[in-house]
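# Architecture at a glance
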Amino acid sequence: MIKNIIFDFNGTILDDAYLCYSCEKNLIGNPPNFKDFTFDIYRDIFCHPITDYYDILGLTDEEYHFDELNKNFFDQYQERYKDEVKLFDGVKETLTYFKNKGYRLFILSATEINLLKEQLEFLGILHYFDDLIASTKKDSQGKKEYGKVFVDKYGLNKENSILIGDTTHDFETAEHLNVNVLLFDQGHNSKKQLEKLNAPIVSSYLEIRNYVEDLNK
């Protein structure tokens, strides 16, 4: 029986993919490998680690100074997110439904932990979650290593847990952590990108709720 639901945050709960693209566009313009860097292209190529993504764009540390670029991105993101992002449709209703059914709800995110808590409080959904596991640095590190500590702490596995995310990295993380996975195609990766993986894909929170419930039938 699935008892634990692990949510990614950015692009899964929080509809912020366009804001991230916009911040990047402001900072780098059209990168070397793309004469017209559109939002659709962003969703087709975004990946972790972030250095691999920069490589696809054609960025080099020598020219773009990755540490400075990352800092400027996060500064701009934090300035803008309260005015420019929202929850995906159905998030609160679905979290309420799962909570009332007795599921334990978690977030596993690459977002820096203090920013994550600030965003969850701003959005009014912090109280839904039993625990948060997130980055301790503003550096977009992947989730595999600190996620492993998390799943060991709560005894999560394929029999009792599912990770819901929006990127190829979420798929890789679920495999690494040995939990089930469900991919949401409205976030940072396009459906075209997600379809390359051997994983179920949904497009709405109603589908998320129905998929998890069907696993327990």
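The preceding data block contains the structure.
This text gives an overview of the structure that appears in the document. (Residues numbered from 1 in each chain as written. Predicted model: local features only at pLDDT ≥ 70, side-chain atom pairs only at ≥ 80, totals over all residues. Heavy atoms only, no water.)

### A short note on the sheet that holds strand β8 (residues 201–202)
Pairing is parallel in the open sheet, where 6 strands are placed in the order β5-β4-β1-β6-β7-β8. On the outer flanks of this sheet lie β5 (131–135) and β8, each paired with one strand and no other. Inspection of the sheet shows strand β6 (residues 161–165) paired to strand β7 (residues 180–184) by 4 bridges, in the parallel sense. Residue pairing for β7: Ile164 is matched across the bridge by Leu182. Contacts from helix α11 (residues 205–215) reach β1 (4–7), β6, β7 and β8 within the one sheet, and its direction differs from that of β6 by about 165°. (Pairing = 2+ DSSP bridges. Helix = DSSP H or I, 4+ residues; strand = E, 2+ residues; numbered from the N terminus. Contact = heavy atoms within 4.5 Å. Axes fitted to C-alpha atoms, helices over the stretch in contact; angles between N-to-C directions.)

### A look at helix α1 (residues 17–28)
Because the α-helix completes a turn every 3.6 residues, residues three or four places apart line up on one side. Here α1 is 12 residues long and its end C-alpha atoms lie 16 Å apart, about the 16 Å a rise of 1.5 Å per residue gives. Listing the buried residues of α1 in full gives Ala17, Leu19, Cys20, Tyr21, Ser22, Cys23, Glu24 and Ile28. Each element contacted by the buried residues of α1 is listed here: β2 (14–15), α2 (39–45), α3 (50–57), α4 (61–64) and α5 (66–84). The positive-phi residue at the C-terminal boundary of α1 is Gly29, with phi of around 65°. (Expected span 1.5 Å × (residues − 1). Buried < 20%, exposed > 50% of the residue type's maximum accessible area, 1.4 Å probe, protein only.)

### A few points about the packing of α5 against helix α7 (residues 113–123)
Relative to each other, α5 and α7 sit at 10°, their axes nearing to 11 Å. Overall, the two elements α5 and α7 adopt an arrangement that is roughly parallel. Along the contact surface, α5 presents Tyr77, Gln78, Tyr81 and Lys82, while α7 presents Leu115, Glu118, Gln119 and Phe122. Residues of the contact of α5 with α7, tallied by class, amount to 4 nonpolar, 2 polar and 2 charged. (Parallel < 35°, antiparallel > 145°, perpendicular 65-115°, else oblique. Nonpolar A, V, L, I, M, F, W, Y, C, P; charged D, E, K, R; others polar.)

### Regarding the pattern of salt bridges
Following the criterion strictly, the structure yields 11 salt bridges and no others. Between Asp130 and Lys99 there is a salt bridge, with the nearest N and O atoms lying 2.8 Å from each other. Taken together, the residues span a long stretch of sequence, with Asp130 in the loop between α7 and β5 and Lys99 in helix α6 (residues 91–100) at a distance of 31 residues. A single salt-bridge network, built from bridges that share partners, covers Asp8, Lys143 and Asp170. (Salt bridge = Lys/Arg side-chain N within 4 Å of Asp/Glu carboxyl O.)

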